[in-house]
Amino acid sequence: MYRGGQLYGTGRPDRLTPHEVRTWAFDPRRRGVDADQVREFQSRLADELARLHEEVRLLVQENDRLKRALRDWQVIHARECVPPEQTPPNQGRW
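Cut-offs applied
Residues numbered from 1 in each chain as written. Predicted model: local features only at pLDDT ≥ 70, side-chain atom pairs only at ≥ 80, totals over all residues. Heavy atoms only, no water. Helix = DSSP H or I, 4+ residues; strand = E, 2+ residues; numbered from the N terminus. Buried < 20%, exposed > 50% of the residue type's maximum accessible area, 1.4 Å probe, protein only. Contact = heavy atoms within 4.5 Å. Salt bridge = Lys/Arg side-chain N within 4 Å of Asp/Glu carboxyl O. Polar contact = N/O pair within 3.5 Å; in protein donor to acceptor, adjacent residues only side chain to side chain. pLDDT = per-residue confidence, 0-100. Expected span 1.5 Å × (residues − 1).

A. Spatial organisation of the overall build of the protein. When you go through the protein residue by residue, the secondary structure sums to two helices and two strands. Reading the protein from its N terminus to its C terminus gives the helix and strand order β-β-α-α. Considering the protein as a whole, with its 94 residues, one finds that 7% of them fall into the buried category. In the protein, the share of contacts with a sequence separation of at least 24, taken over all contacts with a separation of at least 6, comes to 55%.

B. Fine view of the pattern of salt bridges. Enumeration over the complete set of coordinates arrives at six salt bridges. Its salt-bridge partner being E54, residue R57 comes within 2.5 Å of it at the nearest N-O pair. Placement of both R57 and E54 in helix α2 (residues 35–80) is noted, with a separation of three residues, approximately one turn of the helix. Taking relative accessible area as the criterion, R57 reaches 41% and is therefore assigned partly exposed. When salt bridges that share partners are traced, they join E48, R51 and E55 into one network.

C. Inspection of the environment of H53 at higher detail. Summarising the element assignment, H53 is placed in helix α2. Residues H53 and L16, 37 residues apart in the sequence, show an inter-C-alpha distance of 9.9 Å. Every residue in contact with H53, bar those within four places of it in the chain, is listed here: R15, L16, T17 and P18. Only 3.5 Å separates the side chain of H53 from the backbone oxygen of L16, close enough to count as a polar contact.

D. Here's a closer look at the side chain of Q42. Inspection of the secondary structure puts Q42 in helix α2. Of the residues examined, Q42 reaches a relative accessible area of 7% and is grouped as buried. Dropping the residues within four chain positions of it, Q42 is found in contact with V21, R22, W24 and F26.

E. Representation of the confidence of the model for the protein. Mean pLDDT for the protein: 81, with 78% of residues reaching 70 or above. For the protein, strand β1 (residues 2–3) is the element with the lowest average pLDDT, namely 48, and α2 is the one with the highest, namely 92.

F. Structural view of α2. The terminal C-alpha atoms of α2 lie 67 Å apart, and with 46 residues this matches the ideal 68 Å at 1.5 Å per residue to within 8%. Within α2, burial applies to Q42, A46 and L49. Turning to α2, the residues buried within the fold contact α1 (18–23). Where α2 begins, the side chain of D34 points an oxygen toward the backbone nitrogen of D36, at a separation of 3.2 Å.

Here it is as C-alpha cells:
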C-alpha cells in the first residue's frame with residue numbers, strides 16, 4: 001500500500017500538517033468553547049503531529065536502509081550458492 005511513505009498511484013497522500021492544525025479557525029457559536037483551551041489543544045495536537053511526521057520520516061529512512069542491506073546480502077549470497085545440479089545427493093538417513 002505504501003512505498004516511501006506514499007500511497008501507490010496517488011502521489012503524495014493528503015496529510016494534515018501541524019501548521020494547518022495550529023491555524024485552523026472554528027466558526028463562532030452561541031454557546032462556544034473557551035478559545036484559549038481550543039488554541040492550547042491545537043498547539044498540543046500540532047506538536048504531536050509534528051513528532052509523528054518526523055518519526056514516519058525516520059522510519060522510512062530506516063526501512064530504505066534495511067531494504068538496501070537485504071538486497072546487498074542477497075547479491076552476496078547468490079554468488080556463493082551452488083547450483084542444485086552441482087550439489088552431491090543427500091546421503092543422509094532421511
